[in-house]
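# Structural overview for review
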Amino acid sequence: MKMQNIPFGVTDWDSVERTEHKGDTGVAYWRTRLFGEQGNEIRVRMVEYSAGYRADHWCIKGHILLCLEGELETTLEDGRVFILKSGMSYQVADQAEAHQSYTEKGAKLFIVD
């Protein structure tokens, strides 16, 4: 990820449109901004997972993810499981390790990819 051609700006996340994304169970609500040049954008999201949310896919996109509230369980395709609590983060490269998200009680995340 190379961050260039992005002027200084401030985001009021409450004013960004919220979109709904259903999981195998539960729902995710995304507030998404794109920064940079078209075709080379950096996607920045504020994401809220409902209680009982489980992603409907194995993700291979790279992310830097910070858990702001709640607790997130991330399972890697090889079976390893990681628990993120508020204030914890993870990072993974594109195409590196497929991962799937689950939360029993819900979580609020800040994600850059």
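Thresholds applied
Residues numbered from 1 in each chain as written. Predicted model: local features only at pLDDT ≥ 70, side-chain atom pairs only at ≥ 80, totals over all residues. Heavy atoms only, no water. Buried < 20%, exposed > 50% of the residue type's maximum accessible area, 1.4 Å probe, protein only. Helix = DSSP H or I, 4+ residues; strand = E, 2+ residues; numbered from the N terminus. Pairing = 2+ DSSP bridges. Polar contact = N/O pair within 3.5 Å; in protein donor to acceptor, adjacent residues only side chain to side chain. Contact = heavy atoms within 4.5 Å. 1 Å grid on protein atoms, 1.4 Å probe; cavity = no way out; pocket = protein on both sides within 12 Å on 5 of 7 lines; lining within 4 Å. Points joined across faces, edges and corners; volume = space filled by probe spheres on them. Nonpolar A, V, L, I, M, F, W, Y, C, P; charged D, E, K, R; others polar. Salt bridge = Lys/Arg side-chain N within 4 Å of Asp/Glu carboxyl O.

Bringing the pairing of strand β3 (residues 42–49) into the picture now. By the criterion of burial, β3 is predominantly enclosed, with six of the eight residues buried. Across eight bridges, strand β2 (residues 27–35) lies against β3 in antiparallel orientation. Counterpart to Phe 35 in the pairing with β3 is Ile 42. From the end of β2 to the start of β3, which pair antiparallel, there are six residues, and Gly 36 there has a positive phi angle of about 100°. As judged from the six bridges shared by β3 and strand β9 (residues 107–112), these two strands associate in the antiparallel manner. Bridge assignment links Val 47 to a residue of β9, and that residue is Leu 109.

Turning our attention to the side chain of His 99. Looking at where His 99 falls in the secondary structure, it is placed in strand β8 (residues 99–103). Judged by relative accessible area, which is 3%, His 99 ranks as buried. Of the polar contacts made by the side chain of His 99, one reaches the side chain of His 63; its length is 3.2 Å. For His 99, the side chain forms a polar contact with the main-chain oxygen of Glu 97, separated by 2.9 Å. Other than its neighbours up to four places away in sequence, His 99 contacts His 57, Trp 58, Cys 59, Lys 61, His 63, Thr 74, Thr 75, Leu 76, Tyr 90 and Val 92.

Estimated volume of the largest pocket: approximately 290 Å³. What lines the largest pocket is a set of 19 residues, among which Trp 30, Arg 45, Tyr 49, His 57 and Cys 59 lie closest to the centre. The set of elements that each furnish at least two residues to the lining of the largest pocket consists of β1 (18–22), β2, β3, β5 (63–76) and β8. In terms of residue class, the lining of the largest pocket is built from nine nonpolar, six polar and four charged.

Moving on, we get to the pattern of salt bridges. A complete count under the given rule lists six salt bridges for this structure. Note that Asp 113 is salt-bridged to Arg 43, the shortest N-O span being 2.7 Å. Separated by 70 residues along the polypeptide, Asp 113 in the segment after β9 and Arg 43 in strand β3 bring together distant segments of the chain. When its relative accessible area of 23% is taken as the criterion, Arg 43 is described as partly exposed. For Glu 97, the salt bridge identified is with Arg 80, shortest N-O distance 2.6 Å. Taken together, the residues span a long stretch of sequence, with Glu 97 in the loop between β7 (89–92) and β8 and Arg 80 in the loop between β5 and β6 (81–85) at a distance of 17 residues. Using a relative accessible area of 36% as the deciding quantity, one classes Glu 97 as partly exposed.

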